[in-house]
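# Geometric and topological summary
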Protein chains: 2
Amino acid sequence: MKDYIKQPMDIEKRSFEIIGEEMGENNFSQEELQIVKRVIHTTADFEYKDLIYIRENSIKSALDLLKKGVTIYTDTNMALSGINKRALSNLNCKAECFVSKENVAQIANERNITRSMAAVEQAAEEGIEFFVFGNAPTALFKLKELTLAGKANPKFIVGAPIGFVGAKESKEEIEKLKYIPMITIRGRKGGSAVAASIVNALMYMLTR
Amino acid sequence: MKDYIKQPMDIEKRSFEIIGEEMGENNFSQEELQIVKRVIHTTADFEYKDLIYIRENSIKSALDLLKKGVTIYTDTNMALSGINKRALSNLNCKAECFVSKENVAQIANERNITRSMAAVEQAAEEGIEFFVFGNAPTALFKLKELTLAGKANPKFIVGAPIGFVGAKESKEEIEKLKYIPMITIRGRKGGSAVAASIVNALMYMLTR
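Residues numbered from 1 in each chain as written. Chains lettered and ligands numbered in written order. Predicted model: local features only at pLDDT ≥ 70, side-chain atom pairs only at ≥ 80, totals over all residues. Heavy atoms only, no water.

## Concerning the side chain of B:Gln122
With respect to the element layout, B:Gln122 can be found in helix H8 (residues 115-125). Apart from residues lying up to four places away in sequence, B:Gln122 is in contact with B:Phe98, B:Asn103, B:Val104 and B:Ile107. (Helix = DSSP H or I, 4+ residues; strand = E, 2+ residues; numbered from the N terminus. Contact = heavy atoms within 4.5 Å.)

Here's what the structure looks like:
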C-alpha cells in the first residue's frame, strides 16, 4: 500500500491547492473564494463555482452576526452536524435544528403542515436572524411568506435546498427578497453538507 | 407565490419519477436502481450513475446483515445523522460514529494517528461487520490493513470517501479485497450524505 498523508490539516491544505489549480481564472474576491473552495472541497464538484450566488455585502452581514454570537437555525440534523462545533463555540454562537424540537412536531400535526414549515415558524417566533437551509424547499418558501408578512426577520440566509421538486424554485423565490443578505446555490444542487460548508467557511474567516 | 407540494412522501415519489425519466436506459437491476436513484436524489448529480460500483451479490450480503440486526460503523457524525433512525430501529439495527467515542480520541493522541484511524481499530476490535465511510480516506486504508492482518472482519462496506487527497486511492485499494461485498463511489466524489443514502436505500428494501 502506498504511503498516505495522515494529518487532517495537511490533507485540507493540499486539497485547497488542488482546487485552486483546477478552478482556473475567476472573478471571486479572496473572501468569496474561501467559500467557493470550501463548497467544492465538500462536494468534489466544480460545477458549484457556477451555481453559487453570493449577494453583495452578504459576507460582511454574516460575519457581523457571527461576531455578536447568534443562534443559527438549520433545517436538518445533517446540516447541524456538519457545522464545526469548535468554531461555533469560539464565536459564542450556537446552532439548532428546529425540526427536531418537540413542540415543532406537535404544531405540524395540529395544523397539517410539514415539520420543516413548523420549524421555521418556531425559529421566527424566537427571533432567529441567521437561517441555513440544506434540504427543505418548503421551509424556504415558508420563510419568504413569514418575512413578507413581517413575522420573520432574517438578516442572513444560506439557501441551499437540494432536489428535483421545489428546490430550484424555493431559491428563486427567496432571492426575490432583494434587501436580505444571502448565499444560495442555484438550480437543483445544494444539500446539507454544502450548507454547512458555507457556514464553516464564514466562521473560519473569524477563527483561523 | 406558486403553490407547492407540501407532503414529504409526495415530493420523494415525484423526485424518483423525474430521476427515472432523466436517467434513461441503463443496465441496473431493480434493486441496484433503488440505490442509484437514491444517491442521485441525495446529490442532484446524475454522474453518480457512472461512479457507483455495486459488487455482485453485495446487496444480498448487506440485507442479510441488516436482517440479523447489526451495529453499523460510520466514519462521521454526518453520515450517522443521515441514516434513517426509524428504519434502523425497525430492523433492530443501530449505527455508531466511532470517531466521536471518548477512548478513540485518547488512542489517537497516544499513538499520533488520526482519530479516523483509531476509530476503525476500535470498531474492528468490537467485531463490527458493516462499515460505512463517507469522508475519511485514512480510515478506509486502515480497514484494508487490518483486514489483511486478520484483525478486522468486514462483511459489507460502503466506501464513499470524498475529496482530492487520497479519496480515490482509498477506494481503489479497498476494491482490491475481491472477496468482500461492497458498494463504492469511484473517483473523487462521494460524501457522508451519499454514504447514508446507500444505507437508507438498503434498509428501505426491507422496511417499506
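## Section: the sheet that holds strand E6 (residues 182-185) of chain A
All names here are of chain A. In spatial order, the strands read E1-E6-E5-E4-E2-E3; together these 6 strands make up an open sheet with mixed pairing. Two strands close off the open sheet at either side, each with one partner strand: strand E1 (52-54) and strand E3 (94-97). Adjacent strand axes in the sheet meet at a mean angle of 15°, parallel and antiparallel pairs treated alike. Note that strand E5 (residues 156-159) and E6 share 3 bridges and pair parallel. Note that in E6 the partner of Gly159 across the bridge is Thr184. Here helix H8 (residues 115-125) sits on the sheet in contact with strand E2 (71-74) and strand E4 (130-133), set at roughly 165° to E2. Where helix H9 (residues 137-148) meets the sheet, it contacts E2, E4 and E5, and its direction lies at approximately 150° from that of E4. (Pairing = 2+ DSSP bridges. Axes fitted to C-alpha atoms, helices over the stretch in contact; angles between N-to-C directions.)

## Points about the packing of helix H2 (residues 30-43) of chain A against helix H11 (residues 192-207) of chain A
Residues and elements named next belong to chain A. Relative orientation of the contacting elements H2 and H11 amounts to 140°, with a least axis distance of 9 Å. As the angle between them shows, H2 and H11 are arranged oblique. Considering only the axes of H2 and H11, their crossing is right-handed. Along the contact surface, H2 presents Glu31, Gln34, Ile35, Arg38, Val39, Thr42 and Thr43, while H11 presents Ala193, Val194, Ser197, Ile198, Asn200, Ala201, Leu202, Tyr204 and Met205. (Parallel < 35°, antiparallel > 145°, perpendicular 65-115°, else oblique. Left-handed = near helix turned anticlockwise from the far one by under 90°.)

## A closer look at the UniProt feature "domain: Cobalamin biosynthesis precorrin-8X methylmutase CobH/CbiC" (unreviewed entry) in chain A
The UniProt record marks residues 10-205 of chain A with the feature "domain: Cobalamin biosynthesis precorrin-8X methylmutase CobH/CbiC" (unreviewed entry), using the residue numbering of this structure. Counted over residues 10-205 of chain A, helix gives 56% and strand 12%. Its end C-alpha atoms are 19 Å apart. (UniProt positions renumbered as here; feature names shortened; annotations may be inferred.)

## Some remarks on the environment of A:Gly127
All names here are of chain A. For Gly127, the location among the structural elements is in the loop between H8 and E4. The exposure class of Gly127 is partly exposed, given its relative accessible area of 45%. Through-space distance from the C-alpha of Gly127 to that of Glu102 is 18 Å; in sequence the pair is 25 residues apart. (Buried < 20%, exposed > 50% of the residue type's maximum accessible area, 1.4 Å probe, protein only.)

## Things to note about the environment of B:Thr76
All names here are of chain B. Relative to the elements of secondary structure, Thr76 occurs in the loop between strand E2 (71-74) and helix H5 (77-82). The spacing of Thr76 and Gly191 is 115 residues in sequence and 9.8 Å in space, taken between C-alpha atoms. Other than its neighbours up to four places away in sequence, Thr76 contacts Cys97, Asn135 and Ser192.

## Some words on the relation of the copies chain B and chain A
The two chain copies are connected by a rotation around an axis plus a translation along it. By a simple turn and slide, chain B fits onto chain A: the slide is 0.0 Å along the axis, the RMSD is 0.0 Å, and the turn is 180°. In symmetry terms, the pair is related by a two-fold rotation axis. Scanning chain B for the C-alpha nearest the rotation axis identifies B:Met78, at a separation of 2.8 Å. Both copies contact each other with a shared surface, as 100% of the interface residues of chain B are interface residues in chain A too. (Least-squares fit on C-alpha atoms with pLDDT ≥ 70 in both.)

## Thoughts on the pairing of E4(A)
Two faces, one strand: in a regular strand the side chains alternate between the faces of the sheet. Residues and elements named next belong to chain A. On E4, burial covers both faces: Phe130 and Val132 on one face and Phe131 and Phe133 on the other are all buried. The pairing of E2 with E4 spans 3 bridges and is classified as parallel. Bridge pairing links Thr74 to Val132 in E4. One ladder, built from 4 bridges, connects E4 with E5; its direction is parallel. Within E5, the position partnered with Phe131 by the bridge is Ile157.

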